[in-house]
Amino acid sequence: MTHTIAVAGKGGVGKTTLTGLLIDYLCQQKKGPVLAVDADANSNLNEVLGVEVETTLGDIREEIAQAEISGKNPIPLGMSKQDYAEMKFSDALVEEKDFDLLVMGHTQGKGCYCFVNGLLTAQIAKYAQNYQYIVVDNEAGMEHISRGILPKIDTVILVSDCSRRGVQAVGRIAKLIPECGLKPKSVSLIINRAPGGVLNEGTKEEIEKQGLNLVGVVPQDEEVFNYDCDGIPTVKLPEDSPVRKAMYEIINHIEL
């Protein structure tokens, strides 16, 4: 059975960095095959993983939907609409040695997307059967999961910075989970970029107030910032990196 992990948090907290390290861990531990899904319109999971992406599912969905509206048929003669869509969607799957990557891309514009969204949902369901793990880097609202485009989730990992307001933000995301009709087996919280890897009492108090299950703290590390500035994939952090070591310890605690 495929185990689906959704990582969520507001922008700017380092969620995508930790998602990349989670994917890297699963690959290193030979727990794959892994399907990485970038479902955050503002994230750059491919850059964290060191992968080039030429097209997104959003681009393809837009192309097909707009063709439906305009009446301009891009489908080759003798090919069904469904076969054409599946062929195009398969072009968006980036295949690497230890994992594959799908980038969802931008949300839809005006017009009816019911047909193409249905095809996309069916295509991802077919992909899911080929993987042990699906790891989804979500936007805060988890739009693609709540719409049913992505599979049901087994594990939710919420990521916050070490501020009180950040914890309040993930507390609101946690409340969205049942509202979206999701029933994960576990919902956990990781605090990222904590100075010295230590939380102050106010942050601890807010975590308890929000009823969140804290599973670990990742320290602030300038090396992550420098890698980003230099365009080096975060997954190339050295084995003794404090961020990598903390994240791996947390993953072991979650028991994925």
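Residues numbered from 1 in each chain as written. Predicted model: local features only at pLDDT ≥ 70, side-chain atom pairs only at ≥ 80, totals over all residues. Heavy atoms only, no water.

**Notes on the environment of Pro151**
Condition: Helix and strand assignments come from DSSP, with helices taken as H or I runs of at least 4 residues and strands as E runs of at least 2, each series counted from the N terminus. It only takes one pair of heavy atoms within 4.5 Å for two residues to be counted as in contact.
For Pro151, the position within the fold is in the loop between helix 6 (143–146) and strand 6 (155–160). Taking C-alpha positions, Pro151 is 17 Å from Ala140, a pair spaced eleven residues apart along the chain. When neighbours within four sequence positions are excluded, Pro151 is seen to be in contact with Thr4, Ile124, Ala128 and Ile134.

**Digging into the packing of helix 7 (residues 164–179) against helix 8 (residues 201–210)**
Note the following rule: Each axis is a line fitted through C-alpha atoms, and for a helix only the stretch in contact is used; angles between axes span 0 to 180 degrees, taken between their N-to-C directions. Oblique is the label for any angle not under 35 degrees, not over 145, and not in the 65 to 115 range, which are roughly parallel, roughly antiparallel and roughly perpendicular in turn. Helix crossings get a hand from a simple test, with the near helix turned counterclockwise from the far one by less than a right angle marking a left-handed crossing and a clockwise turn marking a right-handed one.
Taken N-terminus to C-terminus, the directions of helix 7 and helix 8 make an angle of 15°; their axes are 9 Å apart at the nearest point. The orientation of helix 7 with respect to helix 8, classified from their angle, is roughly parallel. Helix-helix and strand crossings are classified by hand; for helix 7 and helix 8 the assignment is right-handed. Contacts between helix 7 and helix 8 involve Arg164, Val167, Gln168, Gly171 and Lys175 from the former and Gly202, Thr203, Glu205, Glu206, Ile207 and Gln210 from the latter.

**Concerning the side chain of Arg244**
This is how the line gets drawn: We define a polar contact as two N or O atoms separated by no more than 3.5 Å, with the added condition that, inside protein, one atom must be a possible hydrogen donor and the other a possible acceptor, whereas residues neighbouring each other in sequence contribute only through side-chain atom pairs.
With respect to the helices and strands, the residue Arg244 is situated in helix 10 (residues 242–254). Separated by 2.5 Å, the side chains of Arg244 and Tyr248 make a polar contact. When sequence neighbours within four positions are dropped, the list of residues in contact with Arg244 reads Leu21, Asp24, Gln28, Thr234, Val235, Lys236, Leu237, Pro238 and Glu239.

**Remarks on the packing of aromatic side chains**
Inclusion rule: Aromatic rings from Phe, Tyr and Trp, with only the six-membered ring used for Trp, were paired whenever their centres fell within 6.5 Å, and each pair was classed as stacked if the ring planes differed by under 30 degrees, edge-to-face if by over 60, and tilted otherwise. Three labels apply to residues, based on accessible area from a 1.4 Å probe with only protein chains included: buried if under 20% of the type maximum, exposed if over 50%, partly exposed otherwise in between.
Counted under the stated rule, the structure contains one aromatic pair. Ring geometry for Tyr25 against Tyr248: centres 4.9 Å apart, planes inclined by 65°, an arrangement best described as edge-to-face. On the criterion of sequence distance, the pair formed by Tyr25 in helix 1 (residues 15–28) and Tyr248 in helix 10 is long-range, its members being 223 residues apart. A relative accessible area of 12% means that Tyr248 is categorised as buried.

**Some words on the sheet that holds strand 2 (residues 34–39)**
The test is simple: Strands were regarded as paired on the criterion that DSSP finds at least two bridges between them.
Reading across the sheet, the eight strands line up as 3-4-2-5-1-6-7-8 and stay open at both edges, with mixed pairing between neighbours. Each edge of the open sheet is held by one strand with a lone partner, namely strand 3 (94–95) and strand 8 (214–219). Judged from the two bridges that link them, strand 3 and strand 4 (residues 99–103) form a sheet pairing that is antiparallel. The residue bridging Glu95 from the neighbouring strand is Asp100, located in strand 4. Sheet contacts for helix 7: strand 1 (3–8), strand 6 and strand 7 (186–194); angle to strand 6, the most-contacted strand, approximately 160°.

**Observations regarding the side chain of Ser241**
Looking at where Ser241 falls in the secondary structure, it is placed in the loop between helix 9 (222–230) and helix 10. Once you skip the residues sitting within four places of it in the chain, Ser241 turns out to touch Asp221 and Glu223.

**With respect to the packing of helix 1 against helix 10**
What counts, and what does not: Nonpolar residues are Ala, Val, Leu, Ile, Met, Phe, Trp, Tyr, Cys and Pro. Charged residues are Asp, Glu, Lys and Arg, and all others, Gly as well, are polar.
Viewed as axis vectors pointing N to C, helix 1 and helix 10 meet at an angle of 65°, and their least axial separation amounts to 10 Å. Between helix 1 and helix 10, the interaxial angle falls into the category roughly perpendicular. In the packing of helix 1 onto helix 10, the handedness of the crossing is right-handed. Facing Leu18, Leu21, Leu22, Asp24, Tyr25 and Gln28 of helix 1, the residues of helix 10 in contact are Val243, Arg244, Met247, Tyr248, Ile251 and Asn252. Here the residues of the contact of helix 1 with helix 10 sort into eight nonpolar, two polar and two charged.

**Some details on the environment of Gln123**
Turning to its location among the elements, Gln123 is positioned in helix 5 (residues 114–128). Separated by 76 residues in sequence, Gln123 and Glu47 have C-alpha atoms that sit 25 Å apart. Excluding anything up to four places from it in sequence, Gln123 contacts Glu86, Phe89 and Ser90.

Read these as spatial facts, not as claims about activity.
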